[in-house]
Amino acid sequence: MHRITPHQPHPLFNTAATRRLEKAAAAALPPHTLMQRAGLAVAQLAQALAPHARTVWIACGPGNNGGDGLEAAMHLQRSGRKVIVTWLGQPDTAPADARASWQRARDAGVAWADAAPNDLDANDLCIDALLGIGVASSPHSPPRTPDARLLTCLQALHHSPAPVLAVDLPSGLDADTGQFAAGLTPDTPPHLHHRAPTPRHTLSLLTLKPGLFTATGRDAAGHVWLDDLGVEPGHEPPNAWLSGPALPAPRAHASHKGSYGDVAVVGGEGLAARGMGMAGAALLAASAALHSGAGRVLVTLLDDGHLQLDPQQPELMLRRFDALALEQLTMVCGCGGGQAIAHVLPEVISRAARLVLDADALNTIATQAALHALVVARGQHGQPTVITPHPLEAARLLGLTTAEVQADRLDAAQQLADQFNCVAVLKGSGTVIAAPDRVPAINPTGNARLATAGTGDVLAGMVGAHLAAGASAWRAASEAVYQHGQAADVWPAGLALTASALARRVGG
Ligand SMILES: NC(=O)C1=CN([C@@H]2O[C@H](COP(=O)(O)OP(=O)(O)OC[C@H]3O[C@@H](n4cnc5c(N)ncnc54)[C@H](OP(=O)(O)O)[C@@H]3O)[C@@H](O)[C@H]2O)[C@@H](O)CC1
Ligand SMILES: Nc1ncnc2c1ncn2[C@@H]1O[C@H](COP(=O)(O)OP(=O)(O)O)[C@@H](O)[C@H]1O
Ligand SMILES: [K+]
């Protein structure tokens, strides 16, 4: 068993793949073995997380997730804990493994209760073994009204003053998408709790599931642990990867600014056009490219030559659009581009050597099929392209609603990559990186301090710098996304994270 950190990549397996692995492993082992291993792992982690707990309340659902909880209850009771179990199953209808563990918990003498004890405190522990990968959450399956006792237990776990250890998954969370099943979403989003959140842990069993790392999964899961129950994934291919850090890229002594490439940022509609000056977005992207190590950074502002120099960043070279040698440049196009970006997009998409499309470039492409076709053609000509939409921009590109994009972020990112024939970065908690014919990746770094205007522009500039230095579109996107999130993760407490400060720190 080990805690999952962003320091190395991990394969992720969805429910169907996990079920196949479970079936193959179970067939090769004596009956009940996997549940015994799962329950023991849960009990061991519970002891480690709450060594001084007076009471351990274990909420057990009717299926095998509940069985894991019952098995853990037996171990914890035997080790001298005060264990209270609420079991929503019935001996005559429970799956065979869960029934066997119920019997073992009974024999060990655990206490049974209909609901959570009302005297739990921060030193105690709750174990959430209500629902695991068996949760039926497909939007296509008929809506079901969850049973009242299940909802009461879920609420008790959600509002518990004691830390919560979830078995396999936070109950109700879909392992594939990181969204809660209908009717099982916690009532108060964590950011609206007016108290320090209680620690949450999830012990994922057999495999790590993608839903733990994207959409609402990160908040729900808390710290993620894995116990593979002694089962190797064998020939089962992962459905996604949790990204790891970039390989170090030492600079040769015999190198010069030309070795690290030229980035040109095009965007920043001027104030005169529509009364909405957006030069800042382009300057943020340019600053990030500079601090990420680009050899030279050019900036083309779509402001009719209003700004001639950024005195804060004299390294940035302002250029008129017609003075750019597009075929030699890594272009970062769209940050603060407004409507003005439409005039330059056809040329940029057709001619740029390497290209990052962000923000208003994407909004414009979403409305013009001819531009979409030009992006697709870049892939056919082997010209690297990365698109960096947030969920609303992704929805516009795909003709979906934001909710539909968020409902299955891995699938949405893959659709973007396939439809636009390029690397797609779907931003947000658990940013997804996808490319045609490649297993997608979920980024493990970053946090909500990034939820401030301009951080997306910073990311676009960073991707540009990586591309300019010679990385493939995939590497440029995944390394930049990782480093962008990592900068936020190590951000000093008490210091405001603003986009311009982030841009200055991204190079380490
Ligand atoms: N995979 C492995 O290798 C191993 C798996 N193990 C463990 O087994 C777990 C999977 O067990 P599982 O298949 O029995 O499903 P589980 O999560 O208990 O849920 C099924 C129950 O929930 C109910 N239910 C479903 N949806 C609902 C809803 N929306 N609202 C309300 N109720 C809903 C559903 O009701 P039903 O649809 O049958 O009426 C059924 O009663 C897995 O996560 C891991 O912990 C380990 O022991 C060992 C190795
Ligand atoms: N809650 C969050 N957790 C992790 N990353 C976040 C969160 N909120 C925002 N981000 C990141 O911050 C950036 C915001 O980008 P974007 O929405 O395009 O902002 P802007 O257009 O203001 O620059 C993205 O990289 C996104 O992944
Ligand atoms: K659970």
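None of the values given here were measured: they were computed from a predicted structure.

Analysis parameters
Residues numbered from 1 in each chain as written. Chains lettered and ligands numbered in written order. Predicted model: local features only at pLDDT ≥ 70, side-chain atom pairs only at ≥ 80, totals over all residues. Heavy atoms only, no water. Near = heavy atom within 4 Å. Polar contact = N/O pair within 3.5 Å; in protein donor to acceptor, adjacent residues only side chain to side chain. Areas by Shrake-Rupley, 256 points an atom, 1.4 Å probe, with all protein chains shown as cover. Helix = DSSP H or I, 4+ residues; strand = E, 2+ residues; numbered from the N terminus. Nonpolar A, V, L, I, M, F, W, Y, C, P; charged D, E, K, R; others polar. Buried < 20%, exposed > 50% of the residue type's maximum accessible area, 1.4 Å probe, protein only. Pairing = 2+ DSSP bridges. Disulfide = S-S within 2.5 Å. Contact = heavy atoms within 4.5 Å. Axes fitted to C-alpha atoms, helices over the stretch in contact; angles between N-to-C directions. Domains from an automatic or database assignment. Salt bridge = Lys/Arg side-chain N within 4 Å of Asp/Glu carboxyl O. Donors = N, O, S within 2.8 Å, 3.2 Å for Na, K, Ca; no water. Tetrahedral: all angles 85-135°; square planar, octahedral: opposite > 155°, others 65-115°. Core = buried A, V, L, I, M, F, W, Y, C linked by side-chain atoms within 4.5 Å.

Q: How would you explain the site of ligand 1 if you had to name every residue and give the values?
A: Taken together, 23 residues form the shell around ligand 1, and within it Asn65, Asp68, Gly132, Ala136 and Asp168 come nearest. Between an oxygen atom of ligand 1 and a main-chain N or O atom of Ile133, the distance comes to 2.9 Å. Alone, ligand 1 offers 930 Å² of accessible surface; in the complex the protein occludes 81% of this. For the shell around ligand 1, the secondary-structure elements that each account for two or more residues are helix H1 (15-27), helix H2 (33-49) and helix H3 (64-78). In the shell around ligand 1, the residues fall into 12 nonpolar, six polar and five charged.

Q: Summarise the side chain of Thr445; cite the residues concerned and give the values.
A: Within the element layout of this structure, Thr445 appears in the loop between strand S19 (441-442) and helix H15 (455-468). The class for Thr445 is buried, based on a relative accessible area of 6%. Within the structure, Thr445 has its side chain in polar contact with the backbone oxygen of Tyr482 (distance 2.9 Å). One polar contact links the side chain of Thr445 to the main-chain amide nitrogen of Gln486, over a distance of 3.5 Å.

Q: Provide a residue-level description of the site of ligand 2, including the pertinent values.
A: Within the structure, ligand 2 sits among 16 residues, and Lys427, Gly428, Gly454, Thr455 and Gly456 are positioned closest to it. Here Leu450 contributes a backbone N or O atom positioned 3.4 Å from an oxygen atom of ligand 2. Take Thr455: an N or O atom from its side chain is 3.2 Å from an oxygen atom of ligand 2. A total of 570 Å² of accessible area belongs to ligand 2 in isolation, and the protein chains cover 77% of it. No other element matches the four residues that H15 contributes to the shell around ligand 2. Residue composition of the shell around ligand 2, by class: five nonpolar, nine polar and two charged.

Q: Describe the pairing of strand S14 (residues 330-333), naming the residues involved and giving the relevant values.
A: Neither face of S14 is left uncovered, since the one carrying Thr330 and Val332 and the one carrying Met331 and Cys333 both have all their residues buried. Across four bridges, S14 lies against strand S15 (residues 354-357) in parallel orientation. The residue bridging Cys333 from the neighbouring strand is Leu357, located in S15.

Q: Tell me about the state of the cysteines, residues and numbers included.
A: This model, assessed by the stated rule, comprises zero disulfides. In this structure Cys335 is not part of a disulfide, and its nearest cysteine sulfur, from Cys333, lies 8.2 Å away. Of the residues examined, Cys335 reaches a relative accessible area of 0% and is grouped as buried. No disulfide involves Cys422; its sulfur sits 13 Å from the nearest other cysteine sulfur, which is in Cys333. Judged by relative accessible area, Cys422 falls into the buried class, the value being 5%.

Q: Give a detailed account of the sheet that holds S14, specifying residues and quantitative values.
A: Strand order in the open sheet formed by 11 strands is S2-S10-S19-S18-S17-S16-S15-S14-S11-S12-S13, with mixed pairing between adjacent strands. Since the sheet does not close on itself, it has two edges, and those belong to strand S2 (10-12) and strand S13 (317-318), each with one partner. With three bridges joining them, S15 and strand S16 (residues 385-387) adopt parallel strand pairing. For Val356, the partnering residue across the bridge sits in S16 and is Val386. Here H15 sits on the sheet in contact with strand S11 (262-267), S14, S15, S16 and strand S17 (423-426), set at roughly 170° to S15.

Q: Please set out the domain arrangement of the protein chain residue by residue, giving values where relevant.
A: How big an interface is tends to be stated in terms of the accessible area lost upon association of its parts. For the protein chain, the domain assignment lists domain 1 (2-187 + 196-241) and domain 2 (260-505). The centre of domain 1, based on its C-alpha atoms, is set 39 Å off from the matching centre of domain 2. At the junction of the two partners, domain 1 supplies 15 residues and domain 2 supplies 16 residues. At the surface where domain 1 touches domain 2, the tally comes to zero salt bridges. At the surface where domain 1 touches domain 2, the tally comes to 10 residue pairs in polar contact (both at pLDDT 80 or more). Here the side of domain 1 that touches domain 2 is built from residues that sort into eight nonpolar, five polar and two charged.

Q: I'd love a proper account of the coordination of the potassium ion (ligand 3), names of residues and values included.
A: At the metal site, the potassium ion (ligand 3) is ligated by Asn65 (OD1), Asp128 (O), Leu131 (O), Val167 (O), Leu169 (O) and Ser171 (OG), and these contacts range over 2.6 to 3.0 Å. In this structure, the potassium ion (ligand 3) is surrounded by six donor atoms whose angles at the metal cover 68 to 173°, and the resulting shape is irregular. Each donor residue of the potassium ion (ligand 3) lies on the same chain, and together they follow the pattern N-x62-D-x2-L-x35-V-x1-L-x1-S. Of the two residues, Asp128 sits in strand S6 (residues 125-129) while Ser171 sits in the loop between strand S7 (164-167) and strand S8 (200-205), which places them 43 residues apart along the sequence. Among the residues examined, Asp128 registers a relative accessible area of 5% and is labelled buried. Classification of Ser171 by relative accessible area gives buried; the value is 3%.

Q: Any chance you could break down the nonpolar core for me, citing the residues and the numbers?
A: If you look at the biggest cluster of nonpolar residues, it comprises 58 residues, and the most contacted ones within it are Phe213, Leu324, Met331, Leu345, Leu357, Ile365 and Ile387. The element contributing the most residues to this core is helix H14 (residues 409-420), with six residues. Residues contacting Phe213, with those up to four places away along its chain left out, are Ile4, Leu12, Leu208, Arg218, Val224, Leu242, Gly430 and Ile442.

Q: I'd love a proper account of the pattern of salt bridges, names of residues and values included.
A: A pair can form between side chains of opposite charge whenever their charged atoms are brought close. Counted according to the given criterion, the structure contains 14 salt bridges. Of the charged contacts in the structure, one is a salt bridge between Glu71 and Arg104, with a shortest N-O distance of 2.6 Å. Separated by 33 residues along the polypeptide, Glu71 in helix H3 and Arg104 in helix H4 (residues 96-108) bring together distant segments of the chain. Judged by relative accessible area, Arg104 falls into the partly exposed class, the value being 28%. We note a salt bridge from Arg296 to Asp262, for which the minimum N-O separation is 2.9 Å. Separated by 34 residues along the polypeptide, Arg296 in strand S12 (residues 296-301) and Asp262 in strand S11 bring together distant segments of the chain. Residue class for Arg296 comes out partly exposed when judged on its relative accessible area of 28%. What you see here is one network of salt bridges that share partners, running through Arg54, Asp121 and Asp124.

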